[in-house]
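Residues per chain, in single letters:
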Amino acid sequence: MKFNVIIPASGSGERFRTRIPKQFFQLNGKELITYTIRKFNSINSVESIVIATKKEYFKRLHKIIKDNKFQKVIAVVEGGATRHDSVFNGLKVIIPTDDCYVIIHDAVRPFITEKKIKEMMEVVKDCKAVIPGVKINDTIKEVNKSNIVLRTVPRKYLWEIQTPQIFEYDILRKSFEKANREKFKGTDESSIVENAGYKVKIIEGEKTNIKVTTKDDLKQFDINRFL
Ligand code: CTP
Ligand code: MG
């Protein structure tokens, strides 16, 4: 099995409120994205890593790749207006081989563990599409525009979804082509794979694999243990 990683890093981090996007935020002397790339660069079965970012950050990213000897990064491509476009730009440069899988992981989820990535690599052998999630523990309500509760949603079958998301190359490619034809955009890659009719398996993710969205996210737990 060959795994190719796409890291979308082309957002502007509005909610994080720094001049430079949060993926380049300094955390213990290194840019946040460094920790994310490192997790994948060190796994044997990862063949290549492609990163999508804004043109103005190409130089900065190339320096990170060189300084940290991330030899598996084969390309830095320009991101798009949406995450969907950024990931698709990354997918376009992957040359598929036999038994080829694509892993998509947010640049701003540096706390993912190698253990979880490897577990998912095993699971995807059988199901061809796997995503991590955490079960919802709080009560979920649906409301109207005035925040009046319409109903309480049964939470037994509800999951909050994270990345990395892993798909067989052909499944992902075909799903993107269908989504692009239909102008369908999802908030994650799994949505477009589901839209193309493929089955997607959820496995239990890690609570610590948070998406860094606001500065408060970095105060939630002892982040140093996961870098
Ligand atoms: N992303 C991307 N291209 C975009 C938008 C987002 O590659 N056009 C990436 C981000 O860089 C991040 C991931 O998708 O790694 C998850 O997005 P999010 O947390 O929403 O990041 P931002 O869009 O940068 O943040 P915000 O929504 O607060 O502006
Ligand atoms: Mg965003």
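Calculation rules
- Each chain has its residues counted from 1, following the order in which its sequence is written.
- Note on labels: chains are lettered from A, ligands numbered from 1, in written order.
- Local features in this predicted model are restricted to residues of pLDDT 70 or higher, and side-chain atom pairs are both shown and tallied only at a pLDDT of 80 or more, whereas totals for entire chains, interfaces and linings draw on every residue.
- The side-chain quantities take in all heavy atoms of the structure and omit both hydrogens and water.
- Each helix is a run of H or I in the DSSP string that is no shorter than four residues. Each strand is a run of E no shorter than two, and both are numbered from the N terminus.
- For a compact globule the rule gives 2.2 Å times the number of residues to the power 0.38, and the radius of gyration it is set against comes from C-alpha atoms.
- Methods summary: accessible areas were calculated by the Shrake-Rupley approach with a probe of 1.4 Å, and residue burial reflects only the protein chains presented.
- Just so you know, the count uses Lys and Arg for positive and Asp and Glu for negative, and it drops His and the chain ends.
- Charge positions are represented by NZ for Lys, CZ for Arg, CG for Asp and CD for Glu.
- Near, as used in this document, describes a residue that has one of its heavy atoms within 4 Å of the molecule or strand being considered.
- Polar contacts, as used here, are pairs of N or O atoms within 3.5 Å; protein pairs need one atom able to donate a hydrogen and one able to accept it. Residues neighboring in sequence count only if both atoms are side-chain atoms.
- Three classes are used, and their members are as follows: Ala, Val, Leu, Ile, Met, Phe, Trp, Tyr, Cys and Pro are nonpolar, Asp, Glu, Lys and Arg are charged, and the others, Gly among them, are polar.

*Asks:* Looking at this model, I keep getting lost on the overall build of the protein chain. Mind explaining?
*Replies:* Regarding its fold elements, the protein chain presents six helices and 12 strands. Computed over the C-alpha atoms, the radius of gyration of the protein chain is 18 Å, within 12% of the 17 Å expected from 2.2 N^0.38 for a compact globule of 227 residues. Seen along its three principal axes, the alpha-carbon backbone of the protein chain occupies a region of about 55 × 40 × 35 Å. Accessible area for the protein chain stands at about 12,200 Å²; split by element, carbon and sulfur atoms hold 49% of it. Here the protein chain carries 43 positive and 29 negative side-chain charges, and the mean point of each set is 3 Å from the other.

*Asks:* Honestly, the site of ligand 1 in this entry has me stumped. Any pointers?
*Replies:* Near ligand 1 lie 19 residues; those nearest to it are Gly13, Glu14, Arg15, Ser86 and Lys211. The contact in question runs from an oxygen atom of ligand 1 to an N or O atom on the backbone of Ala9, over 3.3 Å. Within the complex, 87% of the 570 Å² of free accessible area of ligand 1 lies under protein. The set of elements that each furnish at least two residues to the shell around ligand 1 consists of strand E1 (2–9) and helix H3 (83–92). Grouping the constituent residues of the shell around ligand 1 by class yields five nonpolar, eight polar and six charged.

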